[in-house]
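Examining the three-dimensional arrangement
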Amino acid sequence: MSNRMWGGRFSSGPDAIMEEINASIGFDHRLYRQDIAGSIAHAQMLAETGILTQADRDAIIAGLEQVRGEIESQTFTFSRALEDIHMNVESRLKDLIGDAAGRLHTARSRNDQVATDFRLYVRDAIDTIVAQLKTLQLAFVDRAEAEAATIMPGFTHLQSAQPVTFGHHLLAYVEMLGRDVGRFEDARKRLNESPLGSAALAGTSFPIDREMTATAMGFDRPTANSLDAVSDRDFVLETLAAASICAVHLSRFAEELVIWSSAQFGFIRLSDKFSTGSSIMPQKRNPDAAELVRAKIGRILGALTSLLVVMKGLPLAYSKDMQEDKEVSFDALDSLSLSLAAMTGMLGDLTVNRDKMHAAAASGFSTATDIADWLVREANIPFRDAHHITGQVVALAEKKGCGLDGLTIEDFKTVDERIDSRIHKVLSVENSVKSRKSYGGTAPDNVLAQVARWRQILGTAE
Ligand code: ARG
């Protein structure tokens, strides 16, 4: 039997393999809400402009609402022979209301329909992700406030560099996630135009009102070029690019959680809720959730790459290649959303071992820069020379097998006469972080000021 929706000129139905490669209902059923919302807006507009009778409109809308109910209560039977969500919905509508269903597709095509549905879907996904990002930012801000004065080693090359406050480290992620929010919001602005009414590719001869459908679906305006509207997918590419960058940020923090929760570091302990055991080694607590968040960037960036390659070189306007846009995008957006939830959970639940962090911060001659800065400030020595002198101080401490604060003033004087007892004040990690008050620096007071700033931005200031 040929296809009931488009089979007029066909004498036979498709080969089984054709059906398998062609059908998208296996995944695009997820667009049902957007598809039905778009169809209701379209039917309303067709009646308003006199293209459809009021009676047909009412029957169509009631039927569509029933279809939505059937899908939501899982009594709807999806058919692969009907290819996709659009034809599944319309075919069921015909069963329910008869011939009036056939008038719904006036002045539209599946090409503008799918572009509309997918934009609505991606817009919803952006809204969810932005809300989740803000929740995660807040979890970071809460932690940063609690750990504003907690001292940890700051690293470069994963080697102890200078002491920093843990609160400052956490706020670095609040900044990254804030830019992620900006990227998603930016993508949403460009996405928010309605393709509906572009029809197959050229627009339509019917006197439709595209402003009306755009407004009904919460779009800012209709798209201005019908060819562009049905053949463009940059709205999802841009969203996947934002998702990839965000996933990179999450993977970096995930990696830090993995490192910090190791026995060797012991800076933090992830809660039982976000750890797993080993089936053979009873002592193990594995940070699986963090590892999986670290890994999700693989599929998210994979989706972006995959869709960029699909779109590359496609002539205008619609080609079936573009049906490949959905599965990878659904998977990527789901993965990001799950990662954000997992990260929020892990961060809220972890415990901090301040003593371990402090001990690690004090090791590795981490206040050497403070000595060099003191020489510049108090003895008026050029920084390059101060750096060299401090290098000799470090070598001496290494030779004596002590930390910088284990050196006596006589020890210092053997390196350079100009050093006096005031040097001892700059050797503690507490004084080191406290002194870094430059804007954006790690001092506890700065952390608290930034916490307040972020609470204002995130709308939770008391
Ligand atoms: N399932 C199709 C897709 O996802 C819908 C559009 C089909 N259009 C067409 N002319 N065959 O792209």
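The sections below set out a description of the structure shown in this document.

Parameters at a glance
Within each chain, residue numbers correspond to sequence positions counted from 1 in written order. It should be noted that, the model being predicted, local features are given only for residues of pLDDT at least 70 and side-chain atom pairs only at 80 or more, the latter also being counted only at that level, while totals for whole chains, interfaces and linings use all residues. Side-chain descriptors were evaluated using all non-hydrogen atoms of the structure, hydrogens and water having been removed beforehand. Numbering of helices and strands runs from the N terminus; a helix is a DSSP stretch of H or I covering at least four residues, while a strand is a stretch of E covering at least two. Here the radius of gyration uses the C-alpha set of atoms, whereas the globule reference equals 2.2 Å times the residue count to the power 0.38. What makes two residues a contact is simply this: any of their non-hydrogen atoms within 4.5 Å. Residue exposure (1.4 Å probe, protein chains only): buried if accessible area is under 20% of the type maximum, exposed if over 50%, otherwise partly exposed. Pairing between strands is defined by DSSP: at least two bridges between them are needed. For this description, a residue counts as near a given molecule or strand if any of its non-hydrogen atoms is within 4 Å of it. In protein, a polar contact requires one atom able to donate a hydrogen and another able to accept it; more generally it is a pair of N or O atoms within 3.5 Å, and residues adjacent in sequence count only if both atoms are side-chain atoms. In short, Shrake-Rupley with a 1.4 Å probe defines the accessible areas, and a residue's cover is counted only from the protein chains shown. Nonpolar residues are Ala, Val, Leu, Ile, Met, Phe, Trp, Tyr, Cys and Pro. Charged residues are Asp, Glu, Lys and Arg, and all others, Gly as well, are polar. We call Phe, Tyr and Trp rings a pair once their centres come within 6.5 Å, taking the six-membered ring for Trp, and we label the pair stacked below 30 degrees between planes, edge-to-face above 60, and tilted otherwise. A positively charged side chain is recorded as over a ring if its NZ (Lys) or CZ (Arg) lies within 6 Å of the ring centre. The angle to the ring normal must also be within 35 degrees. A side-chain nitrogen of Lys or Arg and a carboxyl oxygen of Asp or Glu constitute a salt bridge if their distance falls within 4 Å. Think of a nonpolar core as a cluster: buried Ala, Val, Leu, Ile, Met, Phe, Trp, Tyr and Cys residues, connected wherever their side-chain atoms sit within 4.5 Å.

**Notes on the overall build of the protein**
- In terms of regular secondary structure, the protein is built from 18 helices and six strands.
- A compact globule built from 462 residues would reach a C-alpha radius of gyration of about 23 Å, whereas the protein, at 31 Å, exceeds it by more than 25%.
- With the C-alpha coordinates aligned to their principal axes, the bounding extent of the protein is approximately 100 × 50 × 45 Å.
- In the protein, the share of contacts with a sequence separation of at least 24, taken over all contacts with a separation of at least 6, comes to 75%.

**Quick notes on unusual backbone geometry**
- A cis amide bond links Leu-316 with the next residue in sequence, Ala-317, at an omega value of 0°.
- Examined against the element boundaries, Ala-317 turns out to sit in the loop between α11 (288-311) and α12 (325-349).
- Even without being a glycine, Phe-365 presents a positive backbone phi close to 50°.
- A relative accessible area of 23% places Phe-365 in the partly exposed class.

**Examining the pairing of strand β2 (residues 159-165)**
- Two strands pair when backbone bridges link them, and strand β1 (residues 151-156) and β2 are joined in this way by six bridges, in the antiparallel orientation. Among the inter-strand pairings, Gly-154 is bridged to a residue of β2, identified as Gln-162.
- Connecting β1 to the next strand, β2, in antiparallel fashion are two residues, including His-157 with a positive phi near 60°.

**Some words on the site of the ligand**
- Taken together, Ser-24, Asp-28, Asp-84, His-86, Arg-110, Asn-111, Val-114, Tyr-318, Gln-323 and Lys-326 are the residues near the ligand.
- At 3.1 Å, a side-chain N or O of Asp-84 approaches a nitrogen atom of the ligand.
- At a separation of 2.7 Å, a nitrogen atom of the ligand approaches a polar side-chain atom of Gln-323.
- If the ligand stood free it would expose 340 Å²; the protein chains cover 86% of that surface.
- Looking at the shell around the ligand, its residues break down into two nonpolar, four polar and four charged.

**Considerations on the packing of aromatic side chains**
- Going through the model one piece at a time under the given rule, you end up with eleven aromatic pairs.
- Here Phe-253 and Trp-260 contribute two aromatic rings whose centre-to-centre distance is 6.1 Å and whose plane-to-plane angle is 80°, an arrangement assigned as edge-to-face.
- Judged by its relative accessible area of 2%, Phe-253 is buried.
- Taken together through their ring pairs, the aromatic side chains of Phe-140, Phe-166, Tyr-173, Phe-253 and Trp-260 make up a single cluster.
- Stacked on the ring of Phe-330, the Lys or Arg Arg-30 has its end atom at 4.8 Å from the ring centre.

**Observations concerning the pattern of salt bridges**
- Applying the stated rule across the entire model yields 36 salt bridges.
- As a salt-bridge pair, Glu-255 and Arg-294 come within 2.4 Å of each other at their nearest N and O atoms. In this pair, Glu-255 is assigned in helix α10 (residues 234-260) and Arg-294 in helix α11, connecting sequence segments 39 residues apart.
- Taking relative accessible area as the criterion, Glu-255 reaches 31% and is therefore assigned partly exposed.
- The exposure class of Arg-294 is partly exposed, given its relative accessible area of 30%.
- Linked by salt bridges that have partners in common, Glu-83, Asp-84, Arg-110 and Lys-320 make up one network.

**Focus: the nonpolar core**
- In terms of nonpolar packing, the biggest core is built from 93 residues, with Phe-140, Phe-184, Phe-253, Leu-257, Trp-260, Leu-336 and Met-343 touching the most fellow members.
- Ranked by residue count, the leading element in this core is α10, at 15 residues.
- Not counting residues up to four positions away in its chain, the partners in contact with Met-343 are Leu-136, Leu-250, Phe-253, Ala-254, Leu-257 and Val-293.
- Counting 20 residues, the second largest nonpolar core, distinct from the first, contains Ile-371, Ile-381, Leu-396 and Leu-407.

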